[in-house]
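For reference, the chains in residue letters:
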Amino acid sequence: MQEVERLLRSAAAGRGGALMLCGAPGSGRSTILRTAADRVPDWTIRAVPGHAAERTLPLAGLHRLTDPGAPAADLVTLGNAVIHHLRTASAHRPLLCLLDDAHLLDDQSLQVIAYAARRLGDARIAVLAAGPPGLAVLPTRHLGPLSPEESRALLAVHAPDLAGDVAATVTDLAGGNPAALTDLAGALSPAQRRGYAPLPTSLPPDSPLRRRLRAELAALPDATRHLLLLAAADPPTPLPDLLAVAGDGSGGDLLPAERAGLITVEGTQVRFGSPVARGMTYREMSVTARRTAHLALAGVAAVRGRELDALLHRAAAATTTDPALATELTEAAVRARPSFAAEALRYAAQLTPGPAARDAALLGAARSAWLSGRPHQATRLLRDAEHSPRPAVSAARTRLRARGLAAEMRPDDPASREILMDVAAEIGDADPMAALDALSLAGEAACLAGEQGRFVTLARRVTAGQRGDESPAVAMAYHHVAGLGELAQGFEDAAFGRFRRELALTGGVAEPIPLIRAATAGIIVGDARGATSAAARAAELARAGGAHSLVPRALELACLAGLASGDYDAATTAALDGVAVARGTGQSALAGTHLGLLAVLAALVGDRASGQTRIQAATGTDQARPLCEWALALLDLVDGRPRAAAERLRMVVAGAPGRGSVLLRIAVVPHLLEAAGPEPALNPVAAAFDEWAGRTGQDGWLALRDRCRALRTRDGEAAEAHFHAALRRVGEGGFPRAHTELLYGRLLRRRRRHVAAREHLRRAAETFRLLGAEPWADQSVRELRAAGEMVTAAHAPVELTAQQERIAALVAEGATNREVAQELHLSPRTVDHHLRNVFARLGVRSRTEMAHLLAAR
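Here is what the cut-offs are and how they apply
- Residues numbered from 1 in each chain as written.
- Predicted model: local features only at pLDDT ≥ 70, side-chain atom pairs only at ≥ 80, totals over all residues.
- Heavy atoms only, no water.
- Helix = DSSP H or I, 4+ residues; strand = E, 2+ residues; numbered from the N terminus.
- Rg over C-alpha atoms; globule rule 2.2 N^0.38 Å.
- Buried < 20%, exposed > 50% of the residue type's maximum accessible area, 1.4 Å probe, protein only.
- Contact = heavy atoms within 4.5 Å.
- Lys, Arg positive; Asp, Glu negative; His and termini not counted.
- Charge placed at Lys NZ, Arg CZ, Asp CG, Glu CD.
- Phe/Tyr/Trp six-rings, centres within 6.5 Å; stacked < 30°, edge-to-face > 60°.
- Lys NZ or Arg CZ within 6 Å of the ring centre and 35° of its normal.
- Expected span 1.5 Å × (residues − 1).
- Core = buried A, V, L, I, M, F, W, Y, C linked by side-chain atoms within 4.5 Å.
- Polar contact = N/O pair within 3.5 Å; in protein donor to acceptor, adjacent residues only side chain to side chain.
- Salt bridge = Lys/Arg side-chain N within 4 Å of Asp/Glu carboxyl O.
- Pairing = 2+ DSSP bridges.
- Axes fitted to C-alpha atoms, helices over the stretch in contact; angles between N-to-C directions.
- Parallel < 35°, antiparallel > 145°, perpendicular 65-115°, else oblique.
- Left-handed = near helix turned anticlockwise from the far one by under 90°.
- Nonpolar A, V, L, I, M, F, W, Y, C, P; charged D, E, K, R; others polar.

Participant: What exactly am I supposed to notice about the overall build of the chain here?
Facilitator: Looking only at helices and strands, one finds 46 helices and 7 strands in the chain. The globule rule puts the C-alpha radius of gyration for 857 residues at 29 Å, and the 32 Å found for the chain is close to it. Its C-alpha atoms give the chain principal-axis dimensions of roughly 100 × 80 × 45 Å. Split into buried and exposed, the 857 residues of the chain put 53% on the buried side. If you take every contact in the chain between residues at least 6 apart in sequence, the share linking residues at least 24 apart comes to 66%. In the chain, 98 side chains carry a positive charge and 91 a negative one; their mean positions are 3 Å apart.

Participant: What's the story with the packing of aromatic side chains in this structure? I'm lost.
Facilitator: The geometry of an aromatic ring pair is captured by the separation of the ring centres together with the interplanar angle, meaning the angle of the planes. Going through the model one piece at a time under the given rule, you end up with 8 aromatic pairs. Taking 6.3 Å as the distance between ring centres and 80 degrees as the angle between the ring planes, the aromatic pair formed by Phe735 and Trp776 counts as edge-to-face. Placement of the pair is Phe735 in helix 40 (residues 734-750) and Trp776 in helix 42 (residues 774-786), with a sequence separation of 41 residues. Owing to a relative accessible area of 5%, Phe735 belongs among the buried residues under this scheme. Here Trp776 falls in the buried class, since its relative accessible area comes to 3%. By way of ring pairs, the aromatic residues Tyr568, Phe735, Phe768 and Trp776 are connected into one cluster. A cation sits over an aromatic face here: Arg119 above Tyr115, 3.8 Å from the ring centre. Arg346 extends its terminal NZ or CZ atom over the ring of Tyr347, reaching a point 4.6 Å from the ring centre.

Participant: Can you walk me through helix 40 in this structure?
Facilitator: Taking 1.5 Å as the rise per residue, helix 40 with 17 residues should run 24 Å; its terminal C-alpha atoms sit 25 Å apart, in good agreement. The buried fraction of helix 40 amounts to 13 of the 17 residues, a majority that puts the element mostly inside the structure. Phi turns positive one or two residues past the end of helix 40, at Arg752, with a value near 65 degrees.

Participant: Sorry if this is basic, but what is going on with the nonpolar core here?
Facilitator: Looking at soluble globular proteins, one finds that nonpolar side chains tend to be buried together. Formed by 174 residues in total, the largest nonpolar core has its most connected members in Leu329, Phe689, Phe768 and Met850. Apart from residues no more than four positions distant in its own chain, Phe689 is found in contact with Ile666, Val669, Pro670, Trp701, Leu704, Arg705 and Cys708.

Participant: Is there a simple way to explain the side chain of Ser27 in this structure?
Facilitator: Tracing the chain through its elements places Ser27 in the loop between strand 1 (17-22) and helix 2 (29-39). A relative accessible area of 14% places Ser27 in the buried class. At 2.7 Å, the side chain of Ser27 and the backbone oxygen of Ala24 are in polar contact. In contact with Ser27, other than residues within four places in its own chain, are Leu143, Asn177 and Pro178.

Participant: Even after reading the chapter, I still don't get the pattern of salt bridges, so can you show me in this structure?
Facilitator: When the charged atoms of two side chains with opposite charge come close together, those side chains can pair. One pass over the structure, following the stated rule, counts 48 salt bridges. Across the salt bridge formed by Arg87 and Asp122, the nearest N and O atoms sit 3.2 Å from each other. Highlighted residues: Arg87 in helix 4 (residues 75-89) and Asp122 in the loop between helix 5 (107-117) and strand 4 (125-131), separated in sequence by 35 residues. The closest approach of N and O atoms between Glu774 and Arg769, which form a salt bridge, is 3.9 Å. Several salt bridges share partner residues, and in doing so they unite Arg608, Glu629, Asp636, Asp639, Arg641 and Arg648 into one network.

Participant: How should I be thinking about unusual backbone geometry in this particular structure?
Facilitator: Trans peptide bonds make up the majority, and among non-glycine residues the majority have a negative phi. In this structure, Pro235 follows Asp234 across a cis peptide bond, with omega equal to 0 degrees. Here Leu59, not a glycine, exhibits a phi torsion of approximately 65 degrees, which is positive. On the secondary structure map, Leu59 appears in the loop between strand 2 (44-47) and helix 3 (60-65). Here Arg752, not a glycine, exhibits a phi torsion of approximately 65 degrees, which is positive. Relative to the assigned elements, Arg752 resides in the loop between helix 40 and helix 41 (754-770). Exposure remark for Arg752: the relative accessible area of 70% places this residue in the exposed category.

Participant: Just checking my understanding: could you explain the sheet that holds strand 5 (residues 140-142) for this structure?
Facilitator: In any sheet, the strands associate via hydrogen bonds between backbone groups, in a parallel or an antiparallel arrangement. Here 5 strands make up an open sheet; going across it, the order is 2-3-4-1-5 and the pairing parallel. Here the strands that pair on one side only, and so sit at the sheet edges, are strand 2 and strand 5. Ignoring which end each strand starts from, the neighbouring axes of this sheet average 20 degrees apart. Bridge count for strand 3 (residues 95-99) against strand 4 is 5 bridges, and the pairing is parallel. In the strand pairing of strand 4, Leu99 is matched with Ala129.

Participant: Would you take a moment to explain the environment of Leu120 for this structure?
Facilitator: Assignment of secondary structure puts Leu120 in the loop between helix 5 and strand 4. Of the residues examined, Leu120 reaches a relative accessible area of 2% and is grouped as buried. Apart from residues no more than four positions distant in its own chain, Leu120 is found in contact with Gly16, Gly17, Arg87, Ile125 and Val127.

Participant: In this structure, what is going on with helix 7 (residues 164-174)? I would like to understand it.
Facilitator: An α-helical turn contains 3.6 residues, so any two residues separated by three or four positions project in the same direction. Counting buried positions along helix 7 yields 8 of 11 residues, so the element is predominantly enclosed. Where helix 7 is buried, its residues meet helix 6 (148-158), helix 8 (178-187), helix 9 (190-193), helix 14 (275-282), helix 20 (375-387) and helix 30 (568-584). The first or second residue beyond helix 7 is Gly175, which carries a positive phi of 60 degrees.

Participant: Can you walk me through the packing of helix 11 (residues 222-231) against helix 12 (residues 239-246) in this structure?
Facilitator: Axis angle and axis distance: for two packed helices, these are the angle between their axes and the distance between the axes, and together they describe the pair. For the pair helix 11 and helix 12, the least separation of the axes is 10 Å and the interaxial angle reads 125 degrees. The angle between the axes of helix 11 and helix 12 places the two elements in the oblique class. The two elements helix 11 and helix 12 meet at a crossing, and its hand is right-handed. For the pair helix 11 and helix 12, the contacting residues are His226, Leu227, Leu230 and Ala231 in the first and Leu242, Leu243, Val245 and Ala246 in the second. Of the residues in the contact of helix 11 with helix 12, the class split is 7 nonpolar, 1 polar and no charged.

Participant: Quick question: what am I supposed to make of the environment of Asp38 here?
Facilitator: Within the secondary structure, Asp38 sits in helix 2. For Asp38, a relative accessible area of 61% gives the class exposed. Taking the C-alpha atoms as reference points, Asp38 and Ala693, separated by 655 residues in sequence, lie 65 Å from one another.

Participant: Hey, could you run me through the packing of helix 31 (residues 588-604) against helix 32 (residues 608-618) in this one?
Facilitator: One way to put it is that helix 31 packs onto helix 32 with a least axis distance of 8 Å and a crossing angle of 165 degrees. Taken together, helix 31 and helix 32 sit at an angle that is classed as roughly antiparallel. Judged by the sense of rotation from one axis to the other, the crossing of helix 31 with helix 32 is left-handed. In this structure, helix 31 uses Gly592, Leu595, Gly596, Leu598, Ala599 and Ala602 to contact helix 32, whose residues at the interface are Ser610, Gly611, Arg614, Ile615, Ala617 and Ala618. Considered class by class, the residues forming the contact of helix 31 with helix 32 number 7 nonpolar, 4 polar and 1 charged.

Here you go:
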């Protein structure tokens, strides 16, 4: 609405103008026109919507605008007459002309109105038009689809009680179309809202957008409508093949549909405005016409060598069970991306008469649907598998497998741990790889939850089958489960050995799941570099292979590895990406974890506003609570409240076990010991961290161990020696090293060794400033002053921090401060603060100057 508001303000001030809002049906273009009229109740309003029935009547629209009408003449004379008429109409108060569905105005009227709108000059007139993409006869503002965040916000208004995976599915179905979102949300039953009933695949019958789309379809030429109906049949078919099936069709036949905003043609791909628009178009065909279309498309796909497409079209056309086709689909699914594999296996289940094969196909389809980022569809397929008629023994086994897969989809749920161990116990002998997968997910939490005995027994039973000649991926799974079993028994040296052997095999695998496990192992043994490499490769492979649900899990580990190594910029990038992908795949708990990690990263550099914004966004997910407590404790430390920080961190260390809790309990210890000091009650925690850090053999952790030893001793000389040892470690750098310098400088200052203190405090202040950690820099400066140094204002370097680079890039692209805050999960106040610093560092005074400077760099 910003451009519209500017147009109205200019017109009110005597600077007339025009604006065309271009977007697909349901994009909100008509709503914006109505809102604009409501904003100016004291203006004269002339509304001239286009009508399909008058599209071919010359000057029909113009006569409605200039009632009683303009004289018949050439277009220039008509245009000048319209200008005179509009100026007269605006003599006493401003005039707003609204041209909704401008593409349905006759061509002559549109040309004349555009001619007049470009010559309003000093008139108090605003012309606001709306139409589909491509109708750029006036200055144009394109209305793209809503972002996932904007879609969720709109859903929260219209259906605040939606389950997380349901909201993600509806968001995906609507494709960012505001009208589709509101129509779908309003039509959901209570069972659908909570995820207990299948969701619609098309707009409800009484949907205003459905009526609009049907009218648009009905107005298309027959050849265009036929091509569009073929294009709507899943799986999507390339344009050349569509034309081949259509017979006498041509690419030009799709132009009317493009002009109406129903589709876009990109190369050989025909794309609908949203999945729901595609589904509604498909359902405009009769059942017989759909079957005929699928068979024709299957034929051309087979000729072109697209085997899976041909099979899916044949399956869609099938009217009875077909075991042979089901077998072909099952075999093709092995080589397909998860989204296509899910469809192939779903059809295979429908076409298979035998209950065992049908169950296997449903479970495979559910797993593939989950991997592809469609958890709601996966849940529905699991329920179908559980309730499918079959013998009692087979039914119990299938129910357990379905529950195990559901637990794998929700490893953060405390109930999942026991289910996964039940699955491993049931299938350990028949399917050891599936048992290893289940135990890998259950292991870490089980090790802390008083279930060590059962886990150890299962781990021994399953890993006893390791022969030594397995592929790297399978060997890694054996090492991982064996390592968790050793950890559960307290045999840390043996566990570390297993995990390190697992990491050593990562170069021989190209599958995301083994690499995700290896990244976890890397963090457990303190190998941040190995964990970063494994997590980055896992995320890349998951993206490339369409396993979208695995991406945020890999990014969570990449963020934790960045935290461990002190690379907070890389950790922030991973977590920001992780939030978006987790939300897009319906994993709200995992999105909360990423938000909690972002809160910790903000708190580490003392950014209270952003930390609290992210904590608030993560509220409601139990898994994020310990991370949020850690973030609040860090902010307490920044503000000089160590006692409050210590209380929060004690709660984290003593909290309930769960996925990630082992890693978290390690990570918070240095801050707990800093906040609590040499408190005897923390001796066991300190000793455990000391032992673990020593076992890692990594300089970064050894430096933290030395720092913790310094903080724990009451002997000043010993503390100095430990701090000195920490700073000699080459592995500690960036923020962790600066923090050690600050703590060491503070100790030296309190021991009245001011000259030595100032050396460390200066380095701390400089590093904190370079990293954008201003509150810590201020704390270092206060210590410097207390140590007797006259501190002057520092000259900031020209280089921007990574956070400032991200903010500057978004602003240069035209984003507002609020949009930047939403994108980066910051507070608007923090964005404003960073932007002022960016202006100062770059020596610019405006966003435009900054954009030009960044473009030239």
